[in-house]
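Coordinate analysis (summary)
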Amino acid sequence: MTTQTTTTTPPRAAADPGGSAPEGPDADPEAAIARARADIDALDEEIVRLLRRRMALSEGVQHIRMARGGRRTDLARENEVLRRWHAELGQPGTALAMTLLELCRGRV
Ligand SMILES: C=C(O[C@@H]1C=C(C(=O)O)C=C[C@H]1O)C(=O)O
């Protein structure tokens, strides 16, 4: 399996070819913040891409179920999803999962 990095900033040596500045995050706090924010923005974009993939997969499952006369939603499965997010992140995880489910199947 290959791993994918999301870092968009160059390594320090490339960003500071002179090499005379002290190393570490305190050397230039503004630059450190700007680098971290660029990574945060890239991660946010990736999260939205993943969300759209999840929405498409979820919609596919819902259509298959409804085409066979079933309901759009499956509350047992939703509880499974909610439990998993809660196990990872606690109450905020549950809140996030509720929003995720709402995005994927609309309001119940
Ligand atoms: C995708 C499904 O359909 C609905 C959407 C779910 C989801 O987005 O995770 C979970 C349960 C269902 O209410 C499913 O049953 O797996």
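Look a little higher up for the structure.
Notes on the structure follow. This one's a predicted model, so the numbers in the text were calculated from it and none came from an experiment. (Residues numbered from 1 in each chain as written. Predicted model: local features only at pLDDT ≥ 70, side-chain atom pairs only at ≥ 80, totals over all residues. Heavy atoms only, no water.)

Before going further, it helps to examine the layout of surface pockets. The volume enclosed by the largest pocket comes to roughly 360 Å³. Forming the walls of the largest pocket are 15 residues, and the residues nearest its centre are R54, S58, R77, V81 and L101. Listed by contribution, the elements that provide at least two residues to the lining of the largest pocket are α2 (29-67), α3 (75-89) and α4 (91-105). Split by residue class, the lining of the largest pocket holds four nonpolar, three polar and eight charged. Taken as a whole, the second largest pocket encloses approximately 250 Å³ of empty space. Of all elements in the fold, only α2 and α4 reach the threshold of two or more residues within the lining of the second largest pocket. The leading source of residues in the lining of the second largest pocket is α2, at six residues. The residue inventory of the lining of the second largest pocket, partitioned by class, reads eight nonpolar, one polar and two charged. (1 Å grid on protein atoms, 1.4 Å probe; cavity = no way out; pocket = protein on both sides within 12 Å on 5 of 7 lines; lining within 4 Å. Points joined across faces, edges and corners; volume = space filled by probe spheres on them. Helix = DSSP H or I, 4+ residues; strand = E, 2+ residues; numbered from the N terminus. Nonpolar A, V, L, I, M, F, W, Y, C, P; charged D, E, K, R; others polar.)

α4 packs onto α2 with a crossing angle of 60° between their chain directions and a minimal axis gap of 8 Å. The orientation of α2 with respect to α4, classified from their angle, is oblique. Between α2 and α4 lies a crossing whose hand is right-handed. In contact with L51, R54, M55, S58 and Q62 of α2, α4 contributes L100, L103, C104 and R105. For the contact of α2 with α4, the per-class residue count stands at five nonpolar, two polar and two charged. (Axes fitted to C-alpha atoms, helices over the stretch in contact; angles between N-to-C directions. Parallel < 35°, antiparallel > 145°, perpendicular 65-115°, else oblique. Left-handed = near helix turned anticlockwise from the far one by under 90°. Contact = heavy atoms within 4.5 Å.)

The ligand sits among 13 residues. The nearest are R54, S58, R65, D74 and E78. Interatomic distance of 2.8 Å between a side-chain N/O atom of S58 and an oxygen atom of the ligand. For the ligand, the protein covers 91% of the area, taking 360 Å² as the surface of the free molecule. Of the pockets mapped on this structure, the ligand occupies the largest pocket. Where the shell around the ligand is concerned, the elements lending two or more residues are α2, α3 and α4. Residue classes in the shell around the ligand are distributed as four nonpolar, three polar and six charged. (Near = heavy atom within 4 Å. Polar contact = N/O pair within 3.5 Å; in protein donor to acceptor, adjacent residues only side chain to side chain. Areas by Shrake-Rupley, 256 points an atom, 1.4 Å probe, with all protein chains shown as cover. Sits in = over half its atoms within 2 Å of the grid points.)

Over its 15 residues, α4 extends 21 Å from the first C-alpha to the last, a length consistent with the 21 Å expected when each residue adds 1.5 Å. Looking at α4, one finds that the buried residues are G93, T94, A97, L100, L101, C104 and R105. For α4, the arc enclosing every buried residue in end-on projection is 120°, short of the 170-degree limit, so these residues lie on one face. Along α4, the residues that are exposed and aim more than 90 degrees away from the buried face are Q91 and P92. Buried residues along α4 sit against α2 and α3. Looking one or two residues past α4, G106 carries a phi angle of roughly 75°, positive in sign. (Expected span 1.5 Å × (residues − 1). Buried < 20%, exposed > 50% of the residue type's maximum accessible area, 1.4 Å probe, protein only. Arc of directions from axis to C-beta.)

These values are about where atoms sit, not about what they do.
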